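Report on the structure
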Amino acid sequence: MRWTVLYVRSRHLAVSLAAMLLCVAAFPPLIGDNWSTFLATISLGAAVAVAGVGLSGQDIDLDRTASFRWPPRRLAHLLLIGAVAGGAMLAAQGFVDPPMDTGWVLRNAAGLLGLTGLAATLFGGQFGWTLPFGWAMTAVFVPRTAGQFHDILAWPMAPADSAAAWWTAGLVFAAGTAAYTVAGARR
């Protein structure tokens, strides 16, 4: 068997993909005209979170003894999660009213992806869902009266043109992606 088939099976990518598409592509059309930033944040957060569970294999020691370099494969896996979740969310925007801005979807997909990589690195792949879903759930409860602090702490709920939200999501994306690419999932 080729390593890609083994990798896909060991990471449960088929199940992760189905769950991710269910969260992002099936949920928005069901909501229809009741679509909001709140529901979009929860939907995208859940999609990235369910895919984050597959960021580690069953045997970390076996993964680490492989004769090929893991960092490019880790990076590709993480970026694939973001591309599928973000792409599916963008495709679903044609079925909802009002649709989310493309910049908003891209910013949040990147930021939540960074949180997934960071959670897998800190807590292990099976807990890769904790930070993206936890942050998305927490962000919906931060009061908007907090001003710039709101855009930093609750960046998934911030408008697409918020510079503070873009910086926060970008820093989280860079930190989480770098940590997971270099170190991989914790045991």
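Residues numbered from 1 in each chain as written. Predicted model: local features only at pLDDT ≥ 70, side-chain atom pairs only at ≥ 80, totals over all residues. Heavy atoms only, no water.

Let us look at the nonpolar core. Counting 34 residues, the largest nonpolar core has Trp35, Ile81, Met89 and Leu112 as its most contacted members. Where this core is concerned, the elements lending two or more residues are helix H2 (13-31), helix H3 (37-52), helix H5 (71-92), helix H6 (102-123) and helix H9 (163-183). With sequence-adjacent residues up to four places away left out, Trp35 is seen in contact with Phe27, Pro28, Ala40, Ser43, Met89, Gln93, Val96, Asp97, Pro98 and Met100. (Core = buried A, V, L, I, M, F, W, Y, C linked by side-chain atoms within 4.5 Å. Buried < 20%, exposed > 50% of the residue type's maximum accessible area, 1.4 Å probe, protein only. Helix = DSSP H or I, 4+ residues; strand = E, 2+ residues; numbered from the N terminus. Contact = heavy atoms within 4.5 Å.)

This part is about the packing of H6 against H9. Put simply, H6 and H9 touch, their axes get as near as 7 Å, and they point 35° apart. Judged by the sense of rotation from one axis to the other, the crossing of H6 with H9 is left-handed. Two secondary-structure elements touch here, H6 through Gly103, Arg107, Ala110, Gly111, Leu113, Gly114, Leu115, Gly117, Leu118, Ala120 and Thr121 and H9 through Ala165, Trp166, Ala169, Val172, Phe173, Ala175, Gly176, Thr177, Ala179, Tyr180 and Ala183. Broken down by class, the residue content of the contact of H6 with H9 amounts to 14 nonpolar, 7 polar and 1 charged. (Axes fitted to C-alpha atoms, helices over the stretch in contact; angles between N-to-C directions. Left-handed = near helix turned anticlockwise from the far one by under 90°. Nonpolar A, V, L, I, M, F, W, Y, C, P; charged D, E, K, R; others polar.)

Within the secondary structure, Asp151 is located in helix H8 (residues 148-153). Its relative accessible area of 17% is what places Asp151 among the buried residues. A distance of 3.2 Å separates a polar atom in the side chain of Asp151 from a polar atom in the side chain of His150. Reaching out from Asp151, the side chain makes a polar contact with the side chain of Ser162 at a distance of 2.8 Å. Beyond its immediate stretch of four places on either side in the chain, Asp151 contacts Ala158, Pro159, Ser162, Ala164, Ala165 and Thr168. (Polar contact = N/O pair within 3.5 Å; in protein donor to acceptor, adjacent residues only side chain to side chain.)

So far we have only geometry, and geometry alone does not tell us how the molecule works.
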